[in-house]
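Tertiary structure, described
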Amino acid sequence: MFYYVLKYVLLGPLLRLLFRPRAKGLEHVPAKGAAIVASNHLSFADPLLMPAVLKRRITFLAKAEYFTAPGITGRLTALVLRAADQISIDRSGRAAGQAAIREGLEVLAQGELLAIYPEGTRSPDGRLYKGKVGVAVMALAAQVPVIPCAMVGTFEIRPPGRVLPRIRPAAIRFGEPLDFSRFTGMADHKTVLRAVTDEITYAIFRLSGQEYVDRYAADVKAEQAKGRRG
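Residues numbered from 1 in each chain as written. Predicted model: local features only at pLDDT ≥ 70, side-chain atom pairs only at ≥ 80, totals over all residues. Heavy atoms only, no water.

What follows covers the side chain of D46. Topologically, D46 is positioned in helix α3 (residues 46–53). Buried and unpaired, D46 has R122 as its nearest opposite-charge partner, separated by 7.1 Å. Here L42 takes part through its backbone nitrogen, which lies 2.6 Å from a polar atom of the side chain of D46. Non-local contacts of D46, meaning those with residues more than four positions away in its chain, are made with N40, H41, P51, Y117, M151 and T154. (Helix = DSSP H or I, 4+ residues; strand = E, 2+ residues; numbered from the N terminus. Buried < 20%, exposed > 50% of the residue type's maximum accessible area, 1.4 Å probe, protein only. Lys, Arg positive; Asp, Glu negative; His and termini not counted. Salt bridge = Lys/Arg side-chain N within 4 Å of Asp/Glu carboxyl O. Polar contact = N/O pair within 3.5 Å; in protein donor to acceptor, adjacent residues only side chain to side chain. Contact = heavy atoms within 4.5 Å.)

Here it is, written out as structure tokens:
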């Protein structure tokens, strides 16, 4: 219930006023039934703006750091995610990854929309990075369509190192559903999981127009952090 209070009364109108999110391709999001919305990830604003343009409720698998982030925007994001019953996931280790997949499958089993960021973390520089296979595992296990989504302009709202967000327009583009039913029963094949994930990432790439980097964003961030310490 509070999800819709946030969306239509407390937060949604403010977000639409400040960032004027323009949605394209909403007809590709099913009006009912389970589906995965797989998006690029550029900013703290992404999990706030996407629900603002969707008619249906959507549940995010949000990294645990979003629930403990410092600063004004960090506290705001954490407050909204908790109030809207979004799911906190621990990304540290294989067991944590399996737990996140179970949480996601429970959402899909209830016939709901599930949002996931295949890159696993925000882009450090606005480019699109290699996707992790968790999205493929869930799509094949639940046998649901995947809706590719591109957030456009949100990186500029708050790039790395900026404390306060810029007030500027953003766009959210949804692509045609991707059907992976041809791979039913093959969720334990690593090559299939990689192929499905790459197909999803390519669909996001076509929507977003970002430069693609065939590396995991988390690895690039780790290298950057090591360089700063050195």
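A separate point is the environment of P160. By the secondary structure assignment, P160 is in the loop between α7 (154–157) and β8 (171–174). On the basis of relative accessible area, P160 is assigned to the exposed category, the value being 57%. As for P160 and P124, which are separated by 36 residues in sequence, their C-alpha atoms are 7.0 Å apart. Apart from the residues within four sequence positions on either side, P160 is in contact with P124 and F155.

In this section: the packing of aromatic side chains. One pass over the structure, following the stated rule, counts 2 aromatic pairs. Ring centres 6.0 Å apart and planes at 40° place the aromatic pair F60 and Y117 in the tilted group. Here Y117 lies in the loop between β5 (113–116) and β6 (128–129) and F60 lies in strand β3 (residues 58–63), a separation of 57 residues in the sequence. In this structure F60 comes out as buried when scored by relative accessible area, which is 2%. The lysine or arginine in question, K132, covers the ring of Y216, its NZ or CZ lying 6.0 Å from the ring centre. A cation sits over an aromatic face here: R158 above F44, 5.6 Å from the ring centre. (Phe/Tyr/Trp six-rings, centres within 6.5 Å; stacked < 30°, edge-to-face > 60°. Lys NZ or Arg CZ within 6 Å of the ring centre and 35° of its normal.)

The backbone of R20 shows a phi angle near 40°, a positive value even though the residue is not glycine. By the element assignment, R20 lies in the loop between α2 (12–19) and β1 (22–24). The backbone of Q143 sits at a positive phi, close to 55°, despite the residue not being glycine. A relative accessible area of 58% places Q143 in the exposed class.

Spatial relationships are all this shows, so hold off on functional conclusions.
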